[in-house]
Amino acid sequence: MPAPISEEQKSRDREALLDAAEALFYERGIQAVGMDDIRATAGIALKRIYGLFATKEELVVAVLQRRDRRWRGNLAAYVEQHEDPRERVLAVFDWLEQWFAAPDFRGCAWINAYGELGATSPAVLTEVRTHKRAFHDQIAGWVAAATEAPAEPLCLLAEGAIVTAAITGDTGAAQRAREASKSLMG
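Everything in this summary refers to the structure shown in the same document. (Residues numbered from 1 in each chain as written. Predicted model: local features only at pLDDT ≥ 70, side-chain atom pairs only at ≥ 80, totals over all residues. Heavy atoms only, no water.)

1. Description of a nonpolar patch on the surface
The condition that has to hold: Patches were defined on residues exceeding 30% relative accessible area and lacking a salt bridge, with like-charge contacts within 9 Å and nonpolar side-chain contacts (Val, Leu, Ile, Met, Phe, Trp, Tyr) within 5 Å. Reported accessibility uses the Shrake-Rupley method at a 1.4 Å probe radius. Residues are deemed covered only where the shown protein chains occlude them. For this document, the term salt bridge refers to a Lys or Arg side-chain nitrogen within 4 Å of an Asp or Glu carboxyl oxygen. We count a stretch as a helix when DSSP gives it H or I for four or more residues in a row; a strand needs E for two or more, and each element gets its number in order from the N terminus.
Together, Ile111, Val163 and Ile167 make up an exposed nonpolar region whose accessible area comes to about 260 Å². Along the chain, the position of Val163 falls in helix H8 (residues 152-168).

Written as structure tokens, this is what we have:
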């Protein structure tokens, strides 16, 4: 009988699996990536993968949840370096521009997941909506500290810049959204 797998090994395997799945899903799309692709990239046996995540849908949700924590955490760390509340709001767009310029930028992982699975997977739809609500609330908090202007238009500018940059490859969408945000804040 093989030795039981330690909690530390389970944790390492889970992270390796999430790393592999996230990279593959983001680069190629969720439906285009099979579990064999993930197995080969992660170097983990399929039986072990299914021991960690019973379904591909569970794996997709876990990838989105982990990415949300990291993505919004990185955004907050960047924005909150600025002391001036107005500069914090504008820094959102500076951070987005840096993200858009990354060589592996493929747009919003949650919009991509919604486009592929939103109509057929309630779990993925819930995760996408959770992320979008959290992103909106994050921006709204910075906007409320900076101005009495409503947050919704600035949130829409951020979302629009993400979609525009993904589709056109134009990183300048972030700076145009930044300039429009200045006008909206008054």
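Okay, back to it.
2. Here we look at helix H5 (residues 85-100)
Basically, it comes down to this: One less than the number of residues in a helix, times 1.5 Å, gives the span that helix is expected to have. A residue's bend is the angle separating two fitted axes: one through the seven residues that end there, the other through the seven that start there. Three exposure classes are used, based on accessible area relative to the maximum for each residue type with a 1.4 Å probe and protein chains only: buried under 20%, partly exposed in between, and exposed over 50%. What makes two residues a contact is simply this: any of their non-hydrogen atoms within 4.5 Å.
When the terminal C-alpha atoms of H5 are compared, their 23 Å separation across 16 residues agrees well with the 22 Å that a helix rising 1.5 Å per residue should span. Considering bend angle alone, the principal kink of H5 is centred on Ala91 and spans about 25°. Looking at H5, one finds that the buried residues are Val89, Leu90, Ala91, Val92, Phe93, Asp94, Trp95, Leu96, Trp99 and Phe100. Looking at the buried side of H5, the elements it contacts are helix H1 (7-28), helix H4 (56-79), helix H7 (122-146), H8 and helix H9 (173-185).

3. Section: the environment of Gly51
On the secondary structure map, Gly51 appears in helix H3 (residues 46-52). A sequence separation of twelve residues divides Gly51 from Arg39, and the C-alpha atoms of the two residues are 13 Å apart.

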